[in-house]
Amino acid sequence: MAYNFPANGNNRIHGDYRPLEHKEGRKLSTAEIMRVAGERYIQFSNNHLDAITMFVHPYGSSLSALSTEEANGADLAYLLLTAAENVTYKHYDRASRSLTRADSMAFDTGNPVQRVSYYFAAALRERINREMGRFTNQERGSKGLTSRSDLDTFYSSDQEIPLCKVTQLTAVQTVIDSVAVDVKVHIIDLQIRSGVQWTTLMQALSKRNSCPLELLKITAIATTDREFIEETGKRLQRYAEFLKIPFSFKVVFVPDMKDIKQELFDIKTGESVAVYSPTVLTTMISKPERVEALMRVIRRFKPSIMVVIEVEANHNSPSFVNRFIEALFFYSAWFDCLEDSMDRNNQYRVVLEKNHFSKGIQNIVATEGDERVTRHVKINVWREFFARFRMEETQVSTLSLSDANLALQAQCSRENSCTLDSNEKSLIVGWKRTPIFSVSAWKFD
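Residues numbered from 1 in each chain as written. Predicted model: local features only at pLDDT ≥ 70, side-chain atom pairs only at ≥ 80, totals over all residues. Heavy atoms only, no water.

## Re the overall build of the protein chain
So, step 1. Within the protein chain, the regular secondary structure consists of 14 helices and 9 strands.
So, step 2. Considering only contacts in the protein chain between residues 6 or more positions apart, those separated by 24 or more positions represent 79%.
So, step 3. Counting only carbon and sulfur atoms, one obtains 48% of the accessible surface of the protein chain, whose full area is about 19300 Å². (Helix = DSSP H or I, 4+ residues; strand = E, 2+ residues; numbered from the N terminus. Contact = heavy atoms within 4.5 Å. Areas by Shrake-Rupley, 256 points an atom, 1.4 Å probe, with all protein chains shown as cover.)

## Thoughts on the packing of aromatic side chains
So, step 1. On inspection of all chains with the given rule, the structure shows 19 aromatic pairs.
So, step 2. The interplanar angle of 65 degrees and the centroid separation of 4.8 Å between the aromatic rings of Phe265 and Phe301 together place this pair among those described as edge-to-face. Residue Phe265 is located in the loop between strand 3 (247–253) and strand 4 (272–278), and its partner Phe301 is located in helix 10 (residues 288–301); the two are separated by 36 residues in the primary sequence. Residues Phe265 and Phe301 agree in their burial class; the two are buried.
So, step 3. On the numbers, 5.8 Å between centres and 55 degrees between planes, the contact of Phe385 with Phe386 is tilted.
So, step 4. In this structure an aromatic cluster arises from ring pairing among Tyr118, Tyr119, Phe120, Phe320, Phe324, Phe330, Tyr331, Trp334, Phe335, Phe357 and Phe437. (Phe/Tyr/Trp six-rings, centres within 6.5 Å; stacked < 30°, edge-to-face > 60°. Buried < 20%, exposed > 50% of the residue type's maximum accessible area, 1.4 Å probe, protein only.)

## Some words on the side chain of Lys432
So, step 1. By the element assignment, Lys432 lies in the loop between strand 8 (426–431) and strand 9 (434–444).
So, step 2. The exposure class of Lys432 is buried, given its relative accessible area of 17%.
So, step 3. A distance of 2.7 Å separates polar atoms of two side chains, one belonging to Lys432 and the other to Asp336. (Polar contact = N/O pair within 3.5 Å; in protein donor to acceptor, adjacent residues only side chain to side chain.)

## Remarks on the environment of Phe335
So, step 1. For Phe335, the location among the structural elements is in helix 11 (residues 320–341).
So, step 2. Residue Phe335 is classed as buried on the basis of its relative accessible area of 0%.

## With respect to the pattern of salt bridges
So, step 1. Per the counting criterion, the structure on display carries 28 salt bridges.
So, step 2. Close ionic contact of Asp75 with Arg40 constitutes a salt bridge, the shortest N to O distance being 2.6 Å. Highlighted residues: Asp75 in helix 3 (residues 68–88) and Arg40 in helix 1 (residues 30–44), separated in sequence by 35 residues.
So, step 3. Since its relative accessible area comes to 18%, Arg40 is described here as buried.
So, step 4. For Asp256, the salt bridge goes to Arg290, with nearest N and O atoms at 2.7 Å. Residue Asp256 is found in the loop between strand 3 and strand 4, and its partner Arg290 is found in helix 10; the two are separated by 34 residues along the sequence.
So, step 5. If you follow the salt bridges from partner to partner, you end up with Lys90, Arg127, Glu131, Arg323, Glu368 and Arg372 in one network. (Salt bridge = Lys/Arg side-chain N within 4 Å of Asp/Glu carboxyl O.)

## With respect to the nonpolar core
So, step 1. By size, the foremost hydrophobic cluster in this structure holds 95 residues, and its most contacted members are Phe120, Leu124, Leu163, Trp198, Leu216, Phe324 and Trp334.
So, step 2. With sequence-adjacent residues up to four places away left out, Phe324 is seen in contact with Leu80, Leu81, Ala84, Phe120, Leu124 and Val365.
So, step 3. If you look at the next biggest cluster of nonpolar residues, it comprises 34 residues, including Val297, Phe301, Phe386 and Ile428. (Core = buried A, V, L, I, M, F, W, Y, C linked by side-chain atoms within 4.5 Å.)

## Things to note about the pairing of strand 9
So, step 1. For strand 9, the tally of buried residues reaches 9 of 11 residues, placing the bulk of the element in the interior.
So, step 2. Relative to strand 9, strand 5 (residues 305–311) is paired through 6 bridges, and the arrangement is antiparallel. What sits directly across from Val311, in strand 9, is Phe437.
So, step 3. By the bridge criterion, 4 bridges tie strand 6 (residues 391–394) to strand 9 in an arrangement that is antiparallel. Paired with Glu393 across the strands is Trp442, a residue of strand 9.
So, step 4. Relative to strand 9, strand 8 is paired through 5 bridges, and the arrangement is antiparallel. Bridging from a neighbouring strand, Ile428 pairs with Ser438 of strand 9. (Pairing = 2+ DSSP bridges.)

## Thoughts on helix 4 (residues 92–103)
So, step 1. Taking 1.5 Å of rise per residue, 12 residues should cover 16 Å, and helix 4 covers 16 Å from first to last C-alpha, within 8% of that figure.
So, step 2. All buried positions along helix 4 are accounted for by Tyr92, Ala95, Ser96, Ser98, Leu99 and Ala102. Projected down its long axis, helix 4 shows its buried positions confined to an angular sector of 160 degrees, all on one face. Of the exposed residues in helix 4, the ones pointing more than 90 degrees away from its buried face are Asp93, Arg97 and Arg101.
So, step 3. In this fold, the buried residues of helix 4 make contact with helix 3 and helix 5 (112–131). (Expected span 1.5 Å × (residues − 1). Arc of directions from axis to C-beta.)

## With respect to the environment of Thr88
So, step 1. Along the chain, Thr88 falls in helix 3.
So, step 2. Spatially, the C-alpha atoms of Thr88 and Ile128 are 9.9 Å apart, while their sequence positions differ by 40 residues.

## Details of the state of the cysteines
So, step 1. For the coordinates displayed, the defined rule picks out 0 disulfides.
So, step 2. For Cys164, which is in no disulfide, the shortest distance to another cysteine sulfur is to Cys337 and amounts to 7.1 Å. (Disulfide = S-S within 2.5 Å.)

## Things to note about helix 10
The α-helix winds at 3.6 residues per turn, so residues separated by three or four positions along the chain end up facing the same way.
So, step 1. Here helix 10 is 14 residues long and its end C-alpha atoms lie 20 Å apart, about the 20 Å a rise of 1.5 Å per residue gives.
So, step 2. Counting buried residues in helix 10 gives 11 out of 14 residues, a clear majority hidden from the surface.
So, step 3. Here helix 10 has its buried residues at Pro288, Arg290, Val291, Glu292, Ala293, Leu294, Met295, Val297, Ile298, Arg299 and Phe301.
So, step 4. Looking one or two residues past helix 10, Lys302 carries a phi angle of roughly 55 degrees, positive in sign.

This is the structure in structure tokens:
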């Protein structure tokens, strides 16, 4: 029986609604500018949607206190909210007029507000065209890495973006702690990409004296891009040789995850199995039979631990406007993070925004039904799902939390930019009060 992932839109964007402060010399974040726009929307729209008041808290801010750039950003976001309202009521001409005005203010090479608005405006236009029967579906390319540029981009983001580095560090340290005394370690990575995360594990295993490592085995599951993943394996092999640790790498290639089988994995007696799942389960929410098949196979491995990184957002609401507003705040935080972490002209930032984030925005805003595959849900939903497989949540590594805090101090140039919060036994990594990732660890009953 397939699990029905809840599609409710009743969660607020932020749990912290402290008054918006605009101290002299401090720029508002991209998400804060969106909140100012939300307040203006509430004040001046005659028929504003209830969903707006659900997701945007009125702060009593004044545009007069903003810089010219911030005020222009709030004007731009206001146009997006107005367009989204009119799309909901099928007032397409009015929505198009708002988007035409937004087009003169939004640029994919501008500041974070302009860039994120550029992609949301494009997605709204596509939704209008779809609903009016003027859209011809186009092939958007592979869902995989597709190019050397993509592979290099993920490697760069793992190294340069605090959100990614802290999340990854916490997850990998939790794996390290779980195999601390095991001499045969088998990692099953559900989405390995650059594989840079496992160099930290290799370093830790190479330093053990009390229980020398006999074998580190990494099995990477792939549905696309087999050649890129094999290249990742070769790089990890060279690094293992440098550290003088016994190592093997295998790719399990399954074009469709529903066909995954235990027999495809070479799991030997005496191996301690750890499963690493970085933002991959969410890609199968729209096709629950695939995530069900994967979880049944994983359970048969009897892993010592399964570490899960997922997007901490609700992009699965059946309500268009709820999804739109949640996504607007979420991606605003992401674009703000990229602005702080990477140079404006950084080629990898450009690839992330144009090739990856833009597709997520387009899918959440413009599509419905089977086409809508970007359906992130929050940690409470995953808890309910994992409970069906008799999985018990365990505390993420205490050492990993300490290391994550050190990494924050080293990487986050602005005070309180990257934040760590707990949700029961899981870690929530956010950017300027907006949750972005959850890191959770699970044992099997």
